[in-house]
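Now for the letters of each chain:
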Amino acid sequence: MNTESKGTLQLTVAMVLSGTLGIFVVESGASAFNVVFFRVLFGALALGGYALARGYFRDHGLTPKKLGLAALGGLFIVFNWVLLFESYENTSISVATVVYHTQPFYVVLLGALLFRERLTAAKVGWIALAFAGLILVSGVAPGDFTGGNSTYLLGIGQALAAALLYGLSTLVTKRVTGVRPHLIALVQVLVGIPLLLPLADFGAMSGTGADWGWLIGLGLIHTGVMYVLMYAAYQKLPTAKIAVLAFTYPAVAMVADWAVYGHHIGLVQALGVPLIVFASLKVNLAKSARTVTGSAPRTGSPTPAPAPAASSRR
């Protein structure tokens, strides 16, 4: 197997794992704050153990400034996960995941707003197309704003806010150079432990029982294994291929939501999915073209979500 084929397999497996994240969140039965707290706790153990075994703490490249930027990105990532996981409960895994995939457009808009990055007419057009798709996917009608659909609307808003926080984390993390992405991710999950400690409800965990397996899985599988696979793949693949394979995540999430919970999006909602996917792909491929023609090759990626996980979740 050649290098690119190996990278394709690694990233595909990582995206498939990412697509199952929502199932682990829901099945744990814990609140969003508790889920994220234990995800960062077990994720820190997984990433820290891996980094230690690989010797990444030697010549780590972290300076106080870089550490501060990584920590700031971690703040955004942690609360991005909280909002996304709450959105699962108020909408569905499928809807929340697709809405969350407006994140590339936030990166573009925030880059233009905060760092005066160039915003072309083509990008504005793709963003407009994506948000037209978002309106369709959300299934929200004007009457919903005056009716009794407040929980669903809240869930849509939470997914959008999660995408915004992911965009902020991406812009911050891009400025941390010369540091292995595993260490950046480790800093970010470590930041989440003291952040969420006062917000976690440990009393509610007393009857968790076997559901601890889902929480441990979120840390070890969806933060440890998934991140290691993604970062390994990023070293082997061109950005264009990464952009295409990233859509394995929402596809798997939608199939998993249907297979496990019987949730599916309606016909009109389904029409919005290709609009978001196509527009996001065009924006990411435009970034890829700039990388090839103007800047150094991409050798890493900001911490993903999906959560999530940084994803993101994700």
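Refer to the structure presented above.
Please read all numbers here as calculations on a predicted model, not as lab measurements.

Attention now moves to the overall build of the chain. Helix and strand content of the chain: 13 helices and zero strands. Start at the N end of the chain and walk to the C end: the helices and strands fall as α-α-α-α-α-α-α-α-α-α-α-α-α. Buried positions account for 52% of the 314 residues belonging to the chain.

Glancing now at helix α10 (residues 212-234). Here α10 spans 31 Å end to end across 23 residues, near enough to the 33 Å set by a 1.5 Å rise per residue. Remark: the principal bend of α10, roughly 30°, maps to M226.

Attention now goes to the packing of helix α5 (residues 93-100) against helix α12 (residues 248-261). The interhelical angle for the contact between α5 and α12, taken along N-to-C directions, is 170°, at an axis separation of 8 Å. As judged from the angle between their axes, α5 and α12 are roughly antiparallel. From α5, I93, S94, T97, V98 and Y100 reach across to α12, where they touch Y249, P250, A253, M254, D257 and Y261. Here the contact of α5 with α12 is composed, by residue class, of eight nonpolar, two polar and one charged.

The next thing to look at is helix α8 (residues 150-173). Between its terminal C-alpha atoms α8 stretches 34 Å, which fits the 34 Å expected from 24 residues at 1.5 Å a residue. With 18 of its 24 residues buried, α8 lies for the most part within the structure.

One pair of aromatic rings is described through two measures. These are the centre distance and the angle between the planes. A full pass over the atoms with the stated rule returns 14 aromatic pairs. Between F37 and F202, the ring centres sit 5.3 Å apart and the planes meet at 80°, which makes this aromatic pair edge-to-face. Of this pair, F37 sits in helix α3 (residues 32-54) while F202 is found in the loop between α9 (181-196) and α10, placing the two residues 165 residues apart along the sequence. Using a relative accessible area of 39% as the deciding quantity, one classes F202 as partly exposed. Taking the centre distance of 6.1 Å and the plane angle of 85° together, the rings of F38 and F202 count as edge-to-face. Of this pair, F38 sits in helix α3 while F202 sits in the loop between α9 and α10, and the two are 164 residues apart along the sequence. Within the aromatic cluster, the residues linked to one another by ring pairs are F37, F38, F42, F202 and W212. Sitting over the face of the ring of W81, R39 holds its NZ or CZ atom 3.9 Å from the ring centroid.

Let us look at the pattern of salt bridges. Under the defined criterion, the tally for this structure stands at one salt bridge. For E4, the salt bridge goes to K241, with nearest N and O atoms at 3.3 Å. Taken together, the positions of E4 in helix α1 (residues 3-19) and K241 in helix α11 (residues 239-245) put the pair 237 residues apart, joining distant regions of the chain.

About the cut-offs
- Residues numbered from 1 in each chain as written.
- Predicted model: local features only at pLDDT ≥ 70, side-chain atom pairs only at ≥ 80, totals over all residues.
- Heavy atoms only, no water.
- Helix = DSSP H or I, 4+ residues; strand = E, 2+ residues; numbered from the N terminus.
- Buried < 20%, exposed > 50% of the residue type's maximum accessible area, 1.4 Å probe, protein only.
- Expected span 1.5 Å × (residues − 1).
- Bend = angle between axes of the 7 residues up to and from the residue.
- Axes fitted to C-alpha atoms, helices over the stretch in contact; angles between N-to-C directions.
- Parallel < 35°, antiparallel > 145°, perpendicular 65-115°, else oblique.
- Contact = heavy atoms within 4.5 Å.
- Nonpolar A, V, L, I, M, F, W, Y, C, P; charged D, E, K, R; others polar.
- Phe/Tyr/Trp six-rings, centres within 6.5 Å; stacked < 30°, edge-to-face > 60°.
- Lys NZ or Arg CZ within 6 Å of the ring centre and 35° of its normal.
- Salt bridge = Lys/Arg side-chain N within 4 Å of Asp/Glu carboxyl O.

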